[in-house]
Amino acid sequence: MKITTVLNGKLLFATMLICGISRLAQAADPTALELIKEGNRYVGEEAKDKVVQIRSEKSVNSLTPEIWYVVYYDPDARMKATEVKFGAGKKLDVQRPFRLFERMKADKIFDLAKLKVDSDEVIKTAVAEPLLKNLTMKATQLWLDSNLKADLSVTGPIWRVRLWAAKLRHPDDMADVGEVFISAETGKVVRSDLHINRVD
């Protein structure tokens, strides 16, 4: 009888542990590319999956940003764009921006099949840059923008990751140490523009 009770207790504990781990996994915020599908729920039929830009705000107390914007090409909008704002994976706002640097064009739409490297992997790659190995990284901000490829003379979509590190004399303060550009197709760094002297 005792053995049966102990076994039942262990089985119950194991089940609770698995359920807890499962809930934690589900509670993790979605990645940038996962938000595309979520954003499709808030745009018109003609805009679904027609993403022209993804960007985040600067992360807070973590290397992973909480606030993301997914911009869709929307032929019915004045500036041809609908923007869905997310916070911790939840929709916060949907708007058709009245002012943009330029009107969105259909040729800026990402080929989603080429977006193989997501925001979580991009952050890991960026902070692993050799120049940053002795720094304490504190925050990131990301952009996936079709305009970047022209600037970098490479084909395919490019992630731009801005990085902040703790200052050496005042570790509670942060310094902008530059940017790393990473292919969304291959996950390889295509350029880095880092200034680690800023942490002095």
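Within every chain, residues take consecutive numbers counted from 1 along the sequence as written. Restriction of local features to residues with pLDDT of at least 70 applies here, the model being predicted, together with a cutoff of 80 or more for giving and counting side-chain atom pairs; totals for whole chains, interfaces and linings are based on all residues. To obtain the side-chain values, all non-hydrogen atoms of the structure were used and water was disregarded.

Colleague: How should the pattern of salt bridges be read in this particular structure?
Modeller: In a structure, side chains of opposite charge can pair up when their charged atoms sit close to one another. Any carboxyl oxygen of Asp or Glu that lies within 4 Å of a side-chain nitrogen of Lys or Arg is treated as forming a salt bridge with it. Per the stated rule, a full pass over the model turns up eight salt bridges. When the shortest N-O distance is used, the salt bridge between Arg 55 and Glu 83 registers 2.8 Å. Remark: Glu 83 occurs in strand β3 (residues 81-87) and Arg 55 occurs in strand β1 (residues 51-56); sequence separation between them is 28 residues. Three labels apply to residues, based on accessible area from a 1.4 Å probe with only protein chains included: buried if under 20% of the type maximum, exposed if over 50%, partly exposed otherwise in between. Here Glu 83 falls in the buried class, since its relative accessible area comes to 10%. Here Arg 162 ties to Glu 179 by a salt bridge, and the two come within 2.8 Å at their closest N and O atoms. Residue Arg 162 is located in strand β6 (residues 158-166), and its partner Glu 179 is located in strand β7 (residues 174-183); the two are separated by 17 residues in the primary sequence. Owing to a relative accessible area of 24%, Arg 162 belongs among the partly exposed residues under this scheme. Secondary structure elements follow DSSP: runs of H or I of four or more residues count as helices, runs of E of two or more count as strands, with numbering from the N terminus.

Colleague: I keep staring at helix α3 (residues 119-127) and nothing clicks. Help me out?
Modeller: Taken as a whole, α3 has its buried residues at Ser 119, Val 122, Ile 123 and Ala 126. Within α3, the buried residues cover an arc of 100 degrees as seen down the axis, which keeps them to one side. Note on definitions: a residue-residue contact is assigned when non-hydrogen atoms from the two residues lie within 4.5 Å. The elements touched by buried residues of α3 are α2 (32-39), β2 (67-73), β5 (137-145), β6 and β7. Along the arc lie the directions from the helix axis toward the C-beta atoms.

Colleague: Would you take a moment to explain the packing of aromatic side chains for this structure?
Modeller: Two measures describe an aromatic ring pair: the distance that separates the ring centres and the angle between the ring planes. When the centres of two rings from Phe, Tyr and Trp lie within 6.5 Å, Trp using its six-membered ring, the rings pair. Their planes under 30 degrees apart give stacked, over 60 give edge-to-face, and anything left gives tilted. For the structure on display, the rule yields zero aromatic pairs. We call a charge positioned over a ring when the NZ of a Lys or the CZ of an Arg lies within 6 Å of the ring centre and within 35 degrees of the ring normal. Its guanidinium or amino end placed over the ring of Tyr 69, Arg 55 lies 4.4 Å from that ring's centre, counting from NZ or CZ. Across from the ring centre of Trp 143, 3.9 Å away, lies the NZ or CZ of Arg 160, which sits over that ring.

Colleague: How should I be thinking about the pairing of β1 in this particular structure?
Modeller: Along any regular strand, the residues point their side chains to alternate faces of the sheet. Among the six residues of β1, five are classified as buried, and the element is accordingly described as predominantly covered. Sheet topology places β1 next to β2; five bridges connect them, and they run antiparallel. Paired with Ser 56 across the two strands is Trp 68, which belongs to β2. When DSSP finds two or more bridges between two strands, those strands count as paired. Here β1 runs beside β5; their pairing, made up of three bridges, is antiparallel. Its bridge partner being in β5, Arg 55 is matched across the sheet by Trp 143.

Colleague: I tried to follow empty space enclosed by the protein on my own but got confused; where do I start?
Modeller: Grid points spaced at 1 Å over the protein atoms alone were grouped into cavities, where a 1.4 Å probe fits but cannot get out, and pockets, open sets with protein on both sides within 12 Å along at least five of seven lines, with lining residues defined by an atom within 4 Å of a point. Grid points are joined across faces, edges and corners, and a volume is the space filled by probe spheres set on the points. Under the counting rule described, the total for this entry stands at one cavity of 30 Å³ or more. Taken as a whole, the largest cavity encloses approximately 40 Å³ of empty space. Lining the largest cavity we find Asp 29, Pro 30, Leu 35, Pro 65, Glu 66, Trp 68, Phe 86, Ala 88 and Gly 89. Residues are grouped as follows: Ala, Val, Leu, Ile, Met, Phe, Trp, Tyr, Cys and Pro are nonpolar; Asp, Glu, Lys and Arg are charged; all remaining types, including Gly, are polar. Taken together, the residues of the lining of the largest cavity break down into six nonpolar, one polar and two charged.

Colleague: Would you take a moment to explain the pairing of strand β8 (residues 189-194) for this structure?
Modeller: One ladder, built from five bridges, connects β7 with β8; its direction is antiparallel. Paired with Ile 182 across the strands is Val 189, a residue of β8. In sequence, β7 turns back onto β8 through a hairpin of five residues, with Gly 187 there showing a positive phi of about 80 degrees.

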